[in-house]
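Survey of secondary and tertiary structure
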Amino acid sequence: MAKVVVVTSGKGGVGKTTTTAALGAALAQSGQNVCVVDFDVGLRNLDLVMGAERRVVYDFINVIQGNAKLSQALIRDKRVGTLSLLAASQTRDKDALTEKGVARIMTELRDKFDYVICDSPAGIERGALLAMRHADTAVIVTNPEISSVRDSDRIVGLLDSKTEKAEKDEQIDKHVLLARYDAGRAARSEMLGIDDVLEILSLPLLGVIPESQDVLRASNLGSPVTVSNPASSPARAYADAARRLTGETITMTIPAERRNLFGLLFGGRAA
Amino acid sequence: MFRLVGRSFLAFVLSPEPPLADWIDELDAWIERSKGFFDSRPVMIDFSRIELEKPDVAGLLAQLQTRGLRIIGVEGVDPAWLGPGLGPLPTGGGSARVVEITDGKPSEDEDDPEPSEPEPTALVLDFPVRSGQSIIFPNGDVTVTGSVASGAEIIAGGSIHIYGALRGRAIAGSDGNAQARIFCSSFEAELMAIGGLYKTADAIEPELRGHAVQAWLDGEILMMTPQN
């Protein structure tokens, strides 16, 4: 039976779409059959980050409204054969997502794939609630700053009350993924430390993704960072997180501050 | 069959006091500090602490309504003075109960009702209270084994005990119980209130932050002290 994972956060701009693409690609690279689904109707981005924006013919809304079959709307990744994308519609708004339609498509996706990863829109409105509705597991993307952590906490409350599992009195698995972490700034107390975040959210940690130019470069290339630069530190952190998601136990490596000679000489921070 | 469902909920009671102008100023200040506090909360007005003529009552109610207060009832004045839509308060209040009305004869055991379950007087929460969640328990004490997040709130008729960090709001003695207390293992609250008297984070000594703290009422003053 497929596992449905929602990537959510409450706050915008923390790295949900990047995480969806990177985790989805990492799982697919390990041989799992994966579909990433963009729930951000009206502000779709996952197609860009996956480099599939020129191949979208039918989208999620077309399938919901019966204008296309699911198999016609799924876009297979050119680099990783076991990875597919279901794009959101850019021309519609979130009201076009109906509860029944989403339920039907999620059931179909569960039959076809091992992992269905839902990229939630920001906020706590309809789109975000529908994205989390059918999830078995939630990855809560948080940046080490107080506003992001509080919004994540709000989302955790919703995951515990508004999902199908919660309504059946079952627990949804919840994990924190700390993105854009900068060890140097955390050490100088310019951002929250890992312990602070986990203490506030009281949830298990799925991974710590370092703040890195590699992530931005990958997004601009239209390629998940785990595909475009698998040796980079964010890609390795995402690959480890993906393996933890499948139930493996892997020692957590916390990205340390790296200083090059230039940085040491001038007391600055290495990029 | 026709079902009537009884529901109990927490309403805040505002008791205007003379001089009225000062009281309204204070209310405005409170609304300013706690924007949105009254948005989804029903309010009742108790006129028993102030003597007003009929037009003054109507004027005050109109003034309160323009501040966005949702007034559901009024007490302490002649009910005949009130306009449509505002009734006198029902007395008492109880727990949620389902009343089933059938159009047949009343059932036979009606004269001999089952003794109802005693109401629980304490609520224990074994999970952290998340931002945006509101725990309302007018019947007694609330104990939380985890933390109360920033943006969450606990409203208890009795005392509040928090074994984690208190980062949100704690409102104890919500029905006016001045004996209620608040205890927390790590104090980082946004607002503390007991028996209707409150302090916001700004008004609380910064030295208490991060410490285990007890709060209680000394007359009309909300006192707080570190616990050792």
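Residues numbered from 1 in each chain as written. Chains lettered and ligands numbered in written order. Predicted model: local features only at pLDDT ≥ 70, side-chain atom pairs only at ≥ 80, totals over all residues. Heavy atoms only, no water.

Moving on to the sheet that holds strand S8 (residues 141-144) of chain B. Residue and element names in this part refer to chain B. Here we have 6 strands laid out as an open sheet, ordered S6-S8-S10-S12-S15-S16, and mixed in their pairing. Two strands bound the open sheet, and with one partner strand each, they are strand S6 (122-125) and strand S16 (221-226). When the angles between neighbouring strand axes are averaged without regard to direction, this sheet yields 20°. One ladder, built from 6 bridges, connects strand S15 (residues 213-218) with S16; its direction is antiparallel. (Pairing = 2+ DSSP bridges. Helix = DSSP H or I, 4+ residues; strand = E, 2+ residues; numbered from the N terminus. Axes fitted to C-alpha atoms, helices over the stretch in contact; angles between N-to-C directions.)

On to the sheet that holds strand S6 (residues 137-142) of chain A. Residue and element names in this part refer to chain A. Reading across the sheet, the 8 strands line up as S3-S4-S2-S5-S1-S6-S7-S8 and stay open at both edges, with mixed pairing between neighbours. Two strands in the sheet have a free side with no partner beyond their single neighbour: strand S3 (75-76) and strand S8 (205-210). Here strand S7 (residues 173-181) runs beside S8; their pairing, made up of 4 bridges, is parallel. Looking at the pairing, Leu 178 lines up with Val 208 of S8. Relative to strand S5 (residues 115-119), helix H1 (residues 16-29) is tilted by about 170°, and along the sheet it contacts strand S1 (3-8), strand S2 (34-38), strand S4 (83-86), S5, S6 and S7. (Contact = heavy atoms within 4.5 Å.)

Residues and elements named next belong to chain A. If you walk through the whole model with that rule in mind, you get 1 aromatic pair over all chains. Plain terms: the ring middles of Phe 39 and Phe 60 are 5.1 Å apart, the flat faces sit at 85° to each other, and that makes the pair edge-to-face. Of this pair, Phe 39 sits in the loop between S2 and helix H2 (46-49) while Phe 60 is found in helix H3 (residues 60-64), placing the two residues 21 residues apart along the sequence. Residues Phe 39 and Phe 60 agree in their burial class; the two are buried. (Phe/Tyr/Trp six-rings, centres within 6.5 Å; stacked < 30°, edge-to-face > 60°. Buried < 20%, exposed > 50% of the residue type's maximum accessible area, 1.4 Å probe, protein only.)

Here we take up the interface of chain B and chain A. Contacts between the two partners involve 12 residues from chain B, matched on the other side by 10 residues from chain A. For the chain B and chain A pair, buried surface summed over both sides reaches about 820 Å², with 40% attributable to carbon and sulfur atoms. Ranking the residues of chain B by area buried against chain A places B:Arg130, B:Ser131 and B:Arg167 at the top, with a combined share of 63%. Summed over the shared surface of chain B and chain A, the number is 3 salt bridges. Across the pair A:Asp153 and B:Arg130 runs a salt bridge whose closest N-O atoms are separated by 2.9 Å. Across the side of chain B that touches chain A, the residue classes tally to 3 nonpolar, 6 polar and 3 charged. (Buried area = accessible area lost by both parts, 1.4 Å probe. Salt bridge = Lys/Arg side-chain N within 4 Å of Asp/Glu carboxyl O. Nonpolar A, V, L, I, M, F, W, Y, C, P; charged D, E, K, R; others polar.)

Let's shift gears to the domain arrangement of chain B. All names here are of chain B. Parsing chain B into structural domains produces domain 1 (2-88) and domain 2 (122-226). Together, the buried faces of domain 1 and domain 2 total about 690 Å²; carbon and sulfur atoms form 65% of this surface. Here domain 1 and domain 2 share 0 salt bridges between them. The interface formed by domain 1 and domain 2 contains 0 residue pairs in polar contact (both at pLDDT 80 or more). (Domains from an automatic or database assignment. Polar contact = N/O pair within 3.5 Å; in protein donor to acceptor, adjacent residues only side chain to side chain.)

So, on to the state of the cysteines. Residue and element names in this part refer to chain A. Applying the stated rule across the entire model yields 0 disulfides over all chains. Left without a disulfide partner, Cys 35 is nearest to the cysteine sulfur of Cys 118, which lies 8.5 Å away. Residue class for Cys 35 comes out buried when judged on its relative accessible area of 0%. (Disulfide = S-S within 2.5 Å.)

We now examine the pattern of salt bridges. Residue and element names in this part refer to chain A. Under the counting rule described, the total for this entry stands at 19 salt bridges over all chains. We note a salt bridge from Lys 94 to Asp 40, for which the minimum N-O separation is 3.1 Å. Taken together, the positions of Lys 94 in the loop between S4 and helix H5 (99-112) and Asp 40 in the loop between S2 and H2 put the pair 54 residues apart, joining distant regions of the chain. Since its relative accessible area comes to 23%, Lys 94 is described here as partly exposed.

On to the pairing of S15(B), then. All names here are of chain B. As defined by bridge partners, strand S12 (residues 182-187) adjoins S15 across 3 bridges and the pair is classed as antiparallel. Within S15, the position partnered with Phe 183 by the bridge is Gln 214. Here S15 hands over to S16 after 2 residues, with Gly 219 in that stretch at a positive phi of 65°.

Residue and element names in this part refer to chain A. Ranked by size, the top nonpolar core spans 50 residues in total, and within it Phe 39, Phe 60, Leu 86, Leu 97 and Leu 109 carry the most contacts. With 5 residues, helix H7 (residues 146-159) is the largest single contributor of residues to this core. Among residues more than four places away in sequence, those in contact with Leu 109 are Cys 35, Val 37, Leu 70, Leu 74, Leu 86 and Val 116. Among the nonpolar cores identified, the runner-up in size contains 38 residues, and Leu 27, Ala 28, Leu 83 and Ala 241 belong to it. (Core = buried A, V, L, I, M, F, W, Y, C linked by side-chain atoms within 4.5 Å.)

Here we come to the packing of H1(A) against helix H13 (residues 233-245) of chain A. Residue and element names in this part refer to chain A. Packing of H1 against H13 leaves a shortest axis separation of 9 Å and a crossing angle of 70°. Judged on the interaxial angle alone, H13 and H1 are roughly perpendicular. When the axes of H1 and H13 are compared, the crossing they make is right-handed. Where H1 approaches H13, its residues Thr 18, Thr 19, Ala 22, Leu 23, Ala 26 and Leu 27 are matched on the opposing element by Tyr 238, Ala 239, Ala 241, Ala 242 and Leu 245. (Parallel < 35°, antiparallel > 145°, perpendicular 65-115°, else oblique. Left-handed = near helix turned anticlockwise from the far one by under 90°.)

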